[in-house]
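Spelled out from the first residue to the last, the chains are:
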Amino acid sequence: MADEQYALEINDLTVAYHQQPVLWDVDLRVPSGALMAIVGPNGAGKSTLIKAALGLIPRAAGDVRFFGAPLKRARARIGYVPQRNSVDWDFPTTALDVVTMGLYGKLGWLRRPDRSARQAALAALDQVGMAALAERPISQLSGGQQQRVFLARALAQGADLYFMDEPFAAVDAVTERAIVSLLHALRDQGKTVIVVHHDLQTVREYFDWVTLLNVEVIASGTVESAFTEANIARTYGGRLGALPLALNSSHEADAYVA
Amino acid sequence: MLPEDRRVWRQIALIGLLMALGAPLSMALGVRYDYTLTNVALGGALLGVLCGMTGSFAVLRSQSLIGDTLSHAALPGVVIAFLLFGREAVALLLGAALTGGLGVLLVNWLVGTTRLKPDGAMSIVLVSFFAVGVALLSYIQGRVGASQAGLDKFIFGQAAAIIERDVAILGAACLLIGALLYAFWKAFKLLTFDPDFARAVGLPVARLNALLSGALVVVIVLGLQLAGAILMVGLLIAPAVAARQWTRRLEQMIVLASLFGAFSGGAGAVLSALERGLPTGPLMIVVACAVVLVSILFAPQRGMLWRLLRQRAAEEAS
Amino acid sequence: MSGIERLLIEFLLNFFTAEQLNAFFGDPRAVALLIGALVAVATALCGVFLVLRKLAMTVDAISHSVLFGIVAAFLAMLALGQTPDLSAPLLLIGAAGAGVGTVVLTELIARSRLVKSDAALGLVFPFLFALAVILVTRYVPNVHLDMDSVLVGEIGVAWANANSHCFARCEPVTITADDPRAEMARRCLNCAAEGISPRSPRAVFETYCSNCGTFSAAEAWQRRLIAAPPELVFVPRALVPLALIALLNALFVLLFYKELKLASFDPDLAAAFGFRPALLSYALLILVSLTAVAAFDAVGAVLVVAFFVIPAAAAYLLTHRLWQMFLIAPILSVSAAISGYEAARALDISISAAMVTALFALFLLIWLLAPRQGLLSALIRRRRQRLLFAEQLLLGHLYNHQHTPEAESESAQVTLHEHLSWTSGKTARCLARLRAKRLVTFEAGQVRLTERGEALVRAFREGLMAG
């Protein structure tokens with residue numbers, strides 16, 4: 001393993017829709033074991049960054065490496081949690097079955113999931129507190145439960161690096177707590193987790209590392225060093241009217257916790 | 001296997017059995033299975049199976065109406081093949097598949113390069129290809145002196161003209177597409193449920209999409225003779241929609257959709273034999289829609305009736 | 001309808017003679033073009049909103065289900081002992097009902113959340129169409145309902161299906177036995193009964209009048225009972241309904257322009273303003289159904305969809321302004337109808353199919369050449385942008401690394417392409433362009449931004465962040 005130091009290494013990545021840059025010459029290094037939030041205003045290219053890294057959308061320039069290897073060779077070590085509303089939840093399948101899909105990449109073309117795959121999927125569901133609902137059709141799950149199923153599917157992938165696209169979007173308080181404790185558990189196991197996040201107030205509480213993104217990387221590093229008022233102001237420009245308020249309340253939250 | 005799944009499988013087996021009983025029942029009621037009816041009924045049933053298998057994916061991928069575009073877009077291909085090779089069945093099928101497939105590609109291209117939404121692109125391609133076909137057909141009729149009947153055979157199908165060889169082709173297609181689904185089962189399922197994740201896992205999404213679209217083209221082209229261009233889309237969608245109501249597993253849905261399709265095709269053929277001049281294709285659609293109605297109303301758990309009962313119970317409890 | 005037809009002719013007779021009118025309405029070409037133009041305008045006006053509201057496939061469905069409405073009403077009229085005809089009110093009601101019914105039924109099924117709305121649409125219209133076909137084959141075996149012409153229309157013979165209106169010498173002629181024009185004949189009274197020949201002496205004869213009775217002026221002229229012909233004007237039957245529906249559609253669009261516009265782009269806001277978007281959209285669908293019925297005779301159930309959708313879609317590629325779409329769509333549609341007719345006559349092919357093919361050709365042409373959204377302009381623009389984009393990318397890369405420790409390697413002239421994952425050729429060409437524009441300079445194997453280059457990058461980045 002050449003460069004295990006960085007779970008993700010992005011060099012000069014540029015992505016454009018209709019030649020309009022969405023990401024501009026992004027350089028990003030995420031050390032192994034980091035629990036990182038990517039924050040930035042709407043349209044800053046947060047989801048695009050993840051999708052381009054995973055090869056879901058074409059990139060105009062740049063190079064992405066995972067644990068020092070290109071995507072093709074690192075695929076088995078990467079887990080992905082897409083946005084919840086990207087799929088049709090009336091699909092005829094159960095929670096357990098969706099989680100089992102996380103194992104398809106490892107199974108190859110013709111092999112069917114067997115008992116051990118089922119066990120692994122059940123264990124993943126258990127980790128997100130959904131074991132009791134394993135056989136529930138996914139159409140009967142609440143939004144938060146659906147989100148947890150998606151997380152469990154990524155867990156079942158058994159990856160070392162996880163990408164999560166807005167896992168906290170429109171979920172209930174129980175799910176939010178479950179996700180946070182899961183994120184911390186993953187960090188404690190030495191996994192790297194990169195989360196697209198939209199709530200500035202919880203960044204300090206949930207994450208250790210942060211990347212501030214607005215078309216290009218404004219700042220990236222530990223929350224202590226990078227999540228400063230100046231950097232946030234640069235990221236959100238004049239567009240966030242309530243910015244000082246958001247910061248204040250997050251300080252208050254810190255004070256309260258302390 | 002879980003008790004819930006076992007229950008649904010038992011239901012599916014029971015439904016299959018009941019539907020199969022239709023054959024002896026119809027004989028008891030005096031339907032005579034002569035050469036023509038046997039072929040039409042068998043062909044209809046096989047076509048129904050094909051529709052159930054491919055239609056399920058089309059419905060789940062929100063591509064229900066692409067079948068309508070495809071079946072209409074096949075007309076110019078049929079006419080050109082007729083012009084070049086005469087009544088050679090294989091040539092007609094290939095011609096239909098060619099322009100049908102071309103139509104689907106054009107829809108994708110239009111959606112990709114313009115502001116038009118999928119419905120607009122589908123509608124434009126559907127009616128334009130159809131018009132080109134009609135224009136070509138009228139050109140031939142003016143020159144070769146072919147009979148005026150060509151167009152309505154394409155539009156309404158011509159079930160009575162089906163011969164053993166057509167049935168054999170339909171059977172072979174069933175095996176082929178069944179094998180395709182079996183081989184790539186996991187990939188198709190993941191692709192249909194969550195294409196982004198499928199790509200992230202490293203599946204060749206574009207090629208798998210092409211395979212599924214290709215299967216759809218084959219089914220629709222083979223169905224034109226029996227059901228006709230206009231009604232084909234109904235036969236494609238109805239069994240899948242009906243089957244969706246009974247189950248929460250894709251494999252069960254596909255099996256049940258194939259059963260429903262087979263029943264609709266077979267029963268439509270038999271019903272049309274009851275009286276002279278009753279059209280086969282439309283009867284297949286009517287049977288299929290009846291199955292949908294029954295499923296939407298009475299399917300266990302998902303059906304409207306059960307939903308109503310549950311609501312009533314909840315109200316009484318509170 | 002008949003009354004309106006008469007009014008129209010009376011109006012026209014102020015300007016033309018009856019002979020001129022008959023010559024015009026008896027000319028297949030003139031009538032086909034007139035009818036084609038009316039179909040084109042009536043449909044294009046509805047079409048704009050249909051395309052904008054993503055109802056293009058719904059129109060396809062409606063045009064098929066309308067057949068069911070027509071067949072059902074047709075049978076109802078037969079049962080009531082009336083003679084069905086395409087402009088009978090019951091038929092129009094049936095057609096409009098079936099059209100709106102399709103949409104209502106689809107929404108109802110989709111609202112149960114058991115079936116997706118596209119699948120619901122794909123169930124409803126084949127079902128209604130299948131019912132229509134079964135009804136026709138089962139209950140209307142004697143009436144010749146030619147499916148071919150129902151589906152593709154018969155615009156070429158529209159002139160021949162005409163109503164006649166009489167304007168002078170219209171008095172019916174009554175012939176009695178004492179009239180000089182009466183023709184008297186003899187017939188044998190007992191020949192048939194007794195089985196004898198009229199030559200037989202036993203045969204008994206009576207004299208009777210063979211042409212007595214009352215005749216309309218036209219019949220009287222045919223039988224040469226009157227010396228001068230009545231003044232008749234023939235009007236193609238399809239003309240007045242089509243003209244009326246075109247007028248109705250134009251009025252609808254003019255009167256409810258702003259409401260329709262808002263309801264198409266933002267139904268919620270329209271509802272908040274009290275515009276009743278649901279009501280408007282049902283009114284639109286009723287008009288679509290009626291237009292489809294009026295156009296059936298001319299272009300048929302399948303091909304009429306093309307007139308609704310294609311001109312509006314082509315206009316959509318040409319302009320972003322709604323009112324311009326309303327001008328462009330009818331113009332495209334009418335010109336396709338005219339050129340399609342001429343092509344069809346020249347090649348001796350189906351007229352309506354040729355019109356739609358012309359429409360399609362026009363659409364493809366516009367798709368290729370449209371100034372902003374066309375394939376060609378997109379190609380040129382993309383090429384130009386790609387070059388510009390590469391330049392900006394390179395400048396940005398240099399800017400990001402210029403005062404950092406790794407600047408040495410990141411901006412070395414020979415290894416620059418590796419950092420950008422470009423080919424060395426592309427990088428060299430891009431650098432050459434930038435140097436020609438005096439945005440970079442080369443110093444000892446290092447690429448450096450000039451002041452102008454740096455200013456450009458800064459301006460560009462500010463633009464990005466603000467956008």
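Within every chain, residues take consecutive numbers counted from 1 along the sequence as written. Throughout, the order in which chains and ligands are written sets their labels, letters from A for the former and numbers from 1 for the latter. Selection of residues for local features in this predicted model requires a pLDDT of at least 70, selection of side-chain atom pairs for listing and counting requires 80 or more, and totals for whole chains, interfaces and linings are taken over all residues. Each side-chain value is worked out from all heavy atoms of the structure, with water and hydrogens disregarded.

Draft legend 1. Inspection of the environment of C:Pro126 at higher detail. Put simply, DSSP marks the helices as runs of H or I at least four residues long and the strands as runs of E at least two long, and each gets a number from the N terminus on. Considering the arrangement of structural elements, one finds C:Pro126 in helix H6 (residues 117–139). Look at C:Pro126 and you get buried, because its relative accessible area is 0%. Expressed as a C-alpha distance, the spacing of C:Pro126 and C:Ala61, which sit 65 residues apart in the sequence, is 8.1 Å. Whether two residues are in contact is decided by their heavy atoms, any of which lying within 4.5 Å being enough. Residues in contact with C:Pro126, not counting those within four places in the same chain, are B:Leu231, B:Val233, B:Gly234, B:Ile285 and C:Leu121. Relative accessibility decides the category of a residue: with a 1.4 Å probe and only protein chains considered, values under 20% of the type maximum give buried, values over 50% give exposed, and everything between is partly exposed.

Draft legend 2. Quick look at the pattern of salt bridges. By convention in these notes, a salt bridge is any Lys or Arg side-chain nitrogen within 4 Å of a carboxyl oxygen on Asp or Glu. All chains considered together, the criterion is met by 29 salt bridges over all chains. Between A:Arg187 and A:Asp188 there is a salt bridge, and its shortest N-O distance comes to 3.6 Å. Measuring nitrogen to oxygen at the nearest pair gives 3.3 Å for the salt bridge that ties C:Glu443 to C:Arg448. Under the relative-accessibility criterion, C:Arg448 is labelled partly exposed at 35%. Via salt bridges that share partners, A:Arg118, A:Glu135, B:Asp5, B:Arg248 and B:Arg249 belong to a single interconnected network.

Draft legend 3. Broad picture of the sheet that holds strand S5 (residues 78–81) of chain A. Residues and elements named next belong to chain A. A pair of strands is considered paired only if DSSP assigns at least 2 bridges between the two. Strand order in the open sheet made by the 6 strands is S5-S6-S7-S3-S8-S9, with mixed pairing throughout. In the strand order of this sheet, the two ends are held by S5 and strand S9 (216–222), each with one partner. Pairwise comparison of adjacent strand axes, ignoring direction, gives a mean angle of 15° for this sheet. Bridge count between strand S3 (residues 35–39) and strand S7 (residues 192–196): 4 bridges; the pairing is parallel. In the strand pairing of S7, Met36 is matched with Ile194. Running at roughly 30° to strand S8 (residues 209–214), helix H10 (residues 229–236) makes contact with S3, S8 and S9 of the sheet. Note on geometry: axes are C-alpha line fits, over the in-contact stretch for helices, and angles between N-to-C directions span 0 to 180 degrees.

Draft legend 4. The confidence of the model for chain B, seen in detail. Residues and elements named next belong to chain B. For chain B, mean pLDDT is 90; residues scoring 70 or higher make up 97% of the total. Looking at the elements of chain B, mean pLDDT is at its lowest for helix H6 (residues 150–156), recorded as 77, and at its highest for helix H11 (residues 232–244), recorded as 95. Interface predicted TM-score (ipTM) for the complex: 0.92; the corresponding pTM is 0.85. A residue's pLDDT is the predictor's confidence in that residue, given on a scale from 0 to 100.

Draft legend 5. Focus on the interface of chain B and chain C. On the side of chain C, 55 residues touch chain B, which itself brings 61 residues to the contact. What counts as buried area is the accessible surface, traced by a 1.4 Å probe, that two parts surrender upon association, with contributions from both included. Counting the surface lost from both chain B and chain C, the interface buries some 5,000 Å², and carbon and sulfur atoms represent 74% of this. Along the contact surface separating chain B from chain C lie 1 salt bridge. Ionic pairing is found between B:Glu275 and C:Arg138, a salt bridge with its closest N-O pair at 3.1 Å.

Draft legend 6. View of the sheet that holds strand S1 (residues 6–17) of chain A. Residues and elements named next belong to chain A. Across the sheet, 3 strands lie side by side as S2-S1-S4; this open sheet has antiparallel pairing. The open sheet terminates on both sides in strands that have one partner only, identified here as strand S2 (20–31) and strand S4 (61–66). In this sheet, adjacent strand axes meet at a mean angle of 15° when their direction is disregarded. Where helix H1 (residues 46–53) meets the sheet, its contacts fall on S1, S2 and S4, and the angle it forms with S1 comes to roughly 110°.

Draft legend 7. Representation of the state of the cysteines. Here, the term disulfide refers to a pair of cysteine sulfur atoms separated by no more than 2.5 Å. This model, assessed by the stated rule, comprises 3 disulfides over all chains. Here C:Cys166 pairs with C:Cys170 through a disulfide, and the sulfurs are 2.1 Å apart. The chirality of the disulfide connecting C:Cys166 with C:Cys170 is left-handed, given an S-S dihedral of about -95°. For C:Cys170, a relative accessible area of 28% corresponds to the partly exposed category. Paired through a disulfide, C:Cys209 and C:Cys212 show a sulfur-sulfur distance of 1.9 Å. Taking the sign of the torsion about the S-S bond as the criterion, the disulfide between C:Cys209 and C:Cys212, at about 105°, is right-handed. Looking at the unpaired B:Cys174, the closest cysteine sulfur is the one in B:Cys51, lying at 9.5 Å. Judged by its relative accessible area of 12%, B:Cys174 is buried.

Draft legend 8. Examining the packing of aromatic side chains more closely. Each pair of aromatic rings taken from Phe, Tyr and Trp, with Trp reduced to its six-membered ring, is defined by centres within 6.5 Å and is described as stacked if the planes are under 30 degrees apart, edge-to-face if over 60, and tilted in the remaining cases. Going through the model one piece at a time under the given rule, you end up with 18 aromatic pairs over all chains. Judged by centre distance (6.0 Å) and plane angle (5°), the ring pair of B:Phe156 and C:Phe129 falls under stacked. Here the residue B:Phe156 occupies a position in helix H6, and C:Phe129 occupies one in helix H6, the pair thus bridging two chains. The burial state of B:Phe156 is the same as that of C:Phe129; both residues are buried. On the numbers, 5.3 Å between centres and 75° between planes, the contact of C:Phe11 with C:Phe15 is edge-to-face. Residue classification places C:Phe11 among the partly exposed positions, given a relative accessible area of 48%. Residue C:Phe15 is classed as exposed on the basis of its relative accessible area, which comes to 54%. An aromatic cluster is present here, built from A:Trp89, A:Phe91, A:Phe150 and B:Phe193 joined pairwise through their rings. Here the guanidinium or amino end of A:Arg153 rests over the ring plane of B:Phe197, the centre of that ring lying 3.5 Å away. Lysine and arginine charges are scored as sitting over a ring when NZ or CZ, respectively, is within 6 Å of the ring centre and within 35 degrees of the ring normal.

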